[in-house]
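Now for the letters of each chain:
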Amino acid sequence: MQSNEVAGGATWRWFWNGVQFLNHADYGREIQGAFYYGTSLLNPNEAGDLMTFSFLDQSLKHGSPILRFEDQGTTQITRAIPLNWDPSQFGGDQDHPVIWDSLVLGKDLTLNFQNLGSVAKYTTHLVIPAGTRGTLADPAGYLLSSFNRYWTYDARSKTLQEVTSAMPDACTVDTNTTFGGYAFFVDFGGIIMSDVSGTNAMGIHGVSIAQGGSLSYVAMWKFFCWGDGPSETASDTTAWSAVYGNGTDVLFPAGESTYRVYLVTDSVRNVAARMDDLFQLGVR
């Protein structure tokens, strides 16, 4: 995996089996954390802000300032001082990014977790100055549009279900006001997104809050709005998010708090098998 110091240390590329999985056309993509205050658009974003949709002029992009970026063995540690995703919420614009100078977003990402090879432990770190209700993407990820089959997996019942036919077209709705994706609520398990063959897939495994974990639910979206193909800088993308809270039901504490999910990359069947392993290990 590779992370980008210019974009707040967000995870920029992810390789498995000779395949690169991630889309990073703008600083709202990659794999990264994002926090939402209540139900508002006050949204500290780990990588940067929305003034990043110029695919030709990289100098126009606003990346979140990096606070920490280091590797310790098989663990990469990054911390950023996040920008607000939409600077106009505070009177900002292309020339005036808005920084949350008292917040921190970042990750501890450990590869080969418990010698499971294709499993990575992803711990999101959030620092806020005062307790508040909100929602955390812990984290969210954007994949190439070639990952266009969608699955859910319940590790307790060992139930793998393809839900591709139930996936709505997020391009036909206003995703600022309408969900436009597929949500999955599970105590142990998560979602999987794969290529057509099922040979290359990324799974997100977590544990529900009720069971001592960090998941309210996991969600998936497909944004095939532009038809420009599956390159890592294409507009077309497919997305997932591990979600903690829903804006009002969770009180995030002041200071630093952590949230954990597990990323698994392999074939669909092997991703499900590794999720079984995580369930048997009793991870939280």
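Use the structure listed above.
Residues numbered from 1 in each chain as written. Predicted model: local features only at pLDDT ≥ 70, side-chain atom pairs only at ≥ 80, totals over all residues. Heavy atoms only, no water.

**Describing the sheet that holds strand 10 (residues 104–110)**
Pairing between the strands of a sheet is mediated by backbone hydrogen bonds and can be parallel or antiparallel.
Move 1: Within the open sheet, the nine strands sit side by side as 7-8-10-11-21-17-16-13-14. Their pairing is antiparallel. Either end of the sheet is taken by a strand with one partner, and the two such strands are strand 7 (66–72) and strand 14 (159–162). Averaged over all adjacent pairs, the angle separating strand axes in this sheet is 20°, with direction ignored.
Move 2: In the sheet, strand 17 (residues 201–207) pairs with strand 21 (residues 255–266) via five bridges, with the strands oriented antiparallel. Along strand 21, the bridge assignment pairs Met 202 with Thr 265. (Pairing = 2+ DSSP bridges. Helix = DSSP H or I, 4+ residues; strand = E, 2+ residues; numbered from the N terminus. Axes fitted to C-alpha atoms, helices over the stretch in contact; angles between N-to-C directions.)

**A closer look at the packing of aromatic side chains**
Move 1: Summed over all chains, the structure comprises 13 aromatic pairs.
Move 2: Consider the rings of Phe 35 and Phe 252, whose centres lie 5.0 Å apart with planes at 90°: the pair is edge-to-face. On the criterion of sequence distance, the pair formed by Phe 35 in strand 5 (residues 31–37) and Phe 252 in strand 20 (residues 251–252) is long-range, its members being 217 residues apart. Each member of the pair, Phe 35 as well as Phe 252, carries the same accessibility label: buried.
Move 3: Ring-pair connections join several aromatic residues into one group, and the members of that group are Phe 35, Tyr 37, Phe 90, Trp 100, Tyr 244, Phe 252 and Tyr 259. (Phe/Tyr/Trp six-rings, centres within 6.5 Å; stacked < 30°, edge-to-face > 60°. Buried < 20%, exposed > 50% of the residue type's maximum accessible area, 1.4 Å probe, protein only.)

**Points about the side chain of Ser 257**
Move 1: Tracing the chain through its elements places Ser 257 in strand 21.
Move 2: The class for Ser 257 is buried, based on a relative accessible area of 10%.
Move 3: Of the polar contacts made by the side chain of Ser 257, one reaches the side chain of Tyr 259; its length is 2.7 Å.
Move 4: Residues contacting Ser 257, with those up to four places away along its chain left out, are Thr 124, His 125 and Leu 126. (Polar contact = N/O pair within 3.5 Å; in protein donor to acceptor, adjacent residues only side chain to side chain. Contact = heavy atoms within 4.5 Å.)

**Considerations on the state of the cysteines**
Move 1: Overall, the coordinates contain one disulfide when judged by the stated rule.
Move 2: Linked covalently through their sulfurs, Cys 171 and Cys 225 form a disulfide whose S-S length is 1.7 Å. Taking the sign of the torsion about the S-S bond as the criterion, the disulfide between Cys 171 and Cys 225, at about -85°, is left-handed. In this pair, Cys 171 is assigned in the loop between strand 14 and strand 15 (182–184) and Cys 225 in the loop between strand 18 (217–223) and strand 19 (237–244), connecting sequence segments 54 residues apart. (Disulfide = S-S within 2.5 Å.)

**Some words on the side chain of Asn 43**
Move 1: Position of Asn 43 among the secondary structure elements: in the loop between strand 5 and strand 6 (44–45).
Move 2: Given a relative accessible area of 6%, Asn 43 falls into the buried group.
Move 3: Ignoring sequence-local partners within four residues, the contact set of Asn 43 consists of Ala 34, Phe 35, Tyr 36, Leu 83, Asn 84, Trp 85 and Trp 100.

**Observations concerning the environment of Ser 197**
Move 1: Take Ser 197: it is sitting in the loop between strand 16 (188–194) and strand 17.
Move 2: Once the C-alpha coordinates of Ser 197 and Phe 147 are considered, the two residues, 50 residues apart in sequence, prove to be 9.8 Å apart.
Move 3: Within the structure, the side chain of Ser 197 is placed 3.2 Å from the side chain of Asp 195, a separation counted as a polar contact.
Move 4: Side-chain polar atoms of Ser 197 contact the side chain of Thr 199, separated by 2.8 Å.

**Some words on unusual backbone geometry**
Move 1: The omega angle of the peptide bond from Asp 138 to Pro 139 is 5°, so this bond is cis rather than trans.
Move 2: Take Pro 139: it is sitting in strand 12 (residues 132–143).
Move 3: For Asn 112, which is not glycine, the phi torsion reads 55° and is therefore positive.
Move 4: Tracing the chain through its elements places Asn 112 in the loop between strand 10 and strand 11 (119–128).
Move 5: Positive phi is not limited to glycine here, since Asn 115 has a value of about 60°.
Move 6: Owing to a relative accessible area of 68%, Asn 115 belongs among the exposed residues under this scheme.

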